[in-house]
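Architecture and fold: a report
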Amino acid sequence: MTIFEKIARREIPAEIVYEEEDFLVIRDLHPQAPVHVLIVPKKAIARVGEAEAEDAAVLGKMLAASGEIARRLGVYDSGYRLVINHGPDAGESVPHLHIHLLGKRPLAWPPG
């Protein structure tokens, strides 16, 4: 069981800033920007490349909610970045798909 599954079950505390039936949004423990939250499905999906067709609905909901989450966090107008990592070379540290939402500072391109 991943740390995100334990957080969703309320077995591990986390600062939850937004929640819907099938996903939640928590503050990142090691933020890379003044606003850095993780949009996490409650169902364990190891990584984006392993998502199944049945996962499309929750992934779509997570992306669609990003605008509302950004508004609530005060970064909608200034801009924000969404990041999904797949595998260790991409920076994946927890094998449970999640979307990073970062904002409140200029974000360089390319990242890394």
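Residues numbered from 1 in each chain as written. Predicted model: local features only at pLDDT ≥ 70, side-chain atom pairs only at ≥ 80, totals over all residues. Heavy atoms only, no water.

Focus: the layout of surface pockets
Reported here for the largest pocket is a volume of approximately 810 Å³. Lining of the largest pocket is provided by 34 residues; of these, Asp28, His30, Gln32, His36 and His100 occupy positions nearest its centre. Listed by contribution, the elements that provide at least two residues to the lining of the largest pocket are α1 (3–8), β2 (23–27), β3 (35–41), β4 (80–83) and β5 (99–103). In terms of residue class, the lining of the largest pocket is built from 19 nonpolar, nine polar and six charged. (1 Å grid on protein atoms, 1.4 Å probe; cavity = no way out; pocket = protein on both sides within 12 Å on 5 of 7 lines; lining within 4 Å. Points joined across faces, edges and corners; volume = space filled by probe spheres on them. Helix = DSSP H or I, 4+ residues; strand = E, 2+ residues; numbered from the N terminus. Nonpolar A, V, L, I, M, F, W, Y, C, P; charged D, E, K, R; others polar.)

Examining the environment of Gly74
Positionally, Gly74 belongs in the loop between α2 (56–72) and β4. Taking the relative accessible area as the measure of exposure, Gly74 reaches 40% and is therefore partly exposed. Remark: the alpha-carbon pair of Gly74 and Leu38, spanning 36 residues in sequence, is separated by 16 Å. (Buried < 20%, exposed > 50% of the residue type's maximum accessible area, 1.4 Å probe, protein only.)

Comments concerning the packing of aromatic side chains
How two aromatic rings sit relative to each other is set out by the distance from centre to centre and by the angle between their planes. Scanning the entire structure with this criterion turns up two aromatic pairs. Plain terms: the ring middles of Tyr76 and Tyr80 are 6.5 Å apart, the flat faces sit at 35 degrees to each other, and that makes the pair tilted. Overall, Tyr80 belongs to the partly exposed group, its relative accessible area being 28%. A cation over a ring is seen here: Arg71 above Tyr76, with NZ or CZ 3.9 Å from the ring centre. (Phe/Tyr/Trp six-rings, centres within 6.5 Å; stacked < 30°, edge-to-face > 60°. Lys NZ or Arg CZ within 6 Å of the ring centre and 35° of its normal.)

Quick notes on α2
A rise of 1.5 Å per residue sets the reference length of α2, with its 17 residues, at 24 Å; its end C-alpha atoms lie 25 Å apart and thus fit the reference within 8%. Of all the bends in α2, the greatest measures close to 35 degrees and is centred on Ser66. Listed in full, the buried residues belonging to α2 are Val58, Leu59, Met62, Ala65, Ser66, Gly67, Ile69 and Ala70. In this structure, the buried residues of α2 make contact with β1 (16–20), β2, β3, β4 and β5. Phi turns positive, to about 80 degrees, at Gly74, one or two residues after α2. (Expected span 1.5 Å × (residues − 1). Bend = angle between axes of the 7 residues up to and from the residue. Contact = heavy atoms within 4.5 Å.)

Considerations on the sheet that holds β4
Ordered in space as β1-β2-β3-β5-β4, the five strands form an open sheet in which the pairing is antiparallel. Two strands bound the open sheet, and with one partner strand each, they are β1 and β4. Each adjacent strand pair in this sheet contributes to an overall mean axis angle of 20 degrees, direction not counted. Taken together, the four bridges between β4 and β5 define a ladder with antiparallel strand orientation. Across the sheet, Arg81 pairs through a bridge with Leu102, a residue of β5. (Pairing = 2+ DSSP bridges. Axes fitted to C-alpha atoms, helices over the stretch in contact; angles between N-to-C directions.)

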